[in-house]
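What the coordinates show
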Amino acid sequence: MSEPQLALDRAFHALSDPNRRTILAIVRNGHRAVGEIAEALGGSQQIVSHHLKVLREAGLVTDSRSGTRRLYAVRVEGLAVGKAFFDDFWPERLSALKRAVEESATRSADD
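Let me sum up the structure you'll find in this document. (Residues numbered from 1 in each chain as written. Predicted model: local features only at pLDDT ≥ 70, side-chain atom pairs only at ≥ 80, totals over all residues. Heavy atoms only, no water.)

A few words now on helix α4 (residues 45-57). Across its 13 residues, α4 extends 18 Å between first and last C-alpha, which sits within 8% of the 18 Å expected from 1.5 Å per residue. Every buried residue belonging to α4 is among Val48, His51, Leu52, Val54 and Leu55, and all of these are buried. The arc that holds every buried residue of α4, seen down its axis, measures 160°, which confines them to one face. Across from the buried face of α4, at angles greater than 90 degrees, the exposed residues are Gln46 and Glu57. Tucked into the core, α4 has its buried residues touching α1 (3-15), α2 (18-27), α3 (34-41), β2 (61-66) and β3 (69-74). In the stretch just after α4, Gly59 is the one whose phi turns positive, near 80°. (Helix = DSSP H or I, 4+ residues; strand = E, 2+ residues; numbered from the N terminus. Expected span 1.5 Å × (residues − 1). Buried < 20%, exposed > 50% of the residue type's maximum accessible area, 1.4 Å probe, protein only. Arc of directions from axis to C-beta. Contact = heavy atoms within 4.5 Å.)

Strand order in the open sheet formed by 3 strands is β1-β3-β2, and the pairing between neighbours is antiparallel. What marks the edges here is a single partner per strand, and that holds for β1 (32-33) and β2. Relative to β3, β2 is paired through 6 bridges, and the arrangement is antiparallel. Residue Thr62 lies in a different strand from β3, and its bridge partner there is Ala73. Packed on one face of the sheet, α2 meets β1, β2 and β3 and runs near 95° to β3. (Pairing = 2+ DSSP bridges. Axes fitted to C-alpha atoms, helices over the stretch in contact; angles between N-to-C directions.)

Listed below in structure tokens is the structure:
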């Protein structure tokens, strides 16, 4: 399996858990400490740390130190893997939508 495929699999695995998706939403707008994330999520710091490890290994979050605290934020480049996967579907879907709208407009004009 190629590295891009492995990255996509890791990202989708990480995102398959609703708690991890919520964590991404929490850290989307800036760096947050584990305690802040745990409080917002309503879970323990130990569980949040586990989820953050999975997200970090999937390349979806980044961490940095601020004194004794470790801060987490979304890693946009990690999300790009999933976006690229879904972007491949849009041209075909948009073309089909365009055809349907044009056919509908033509039928309406003929009536």
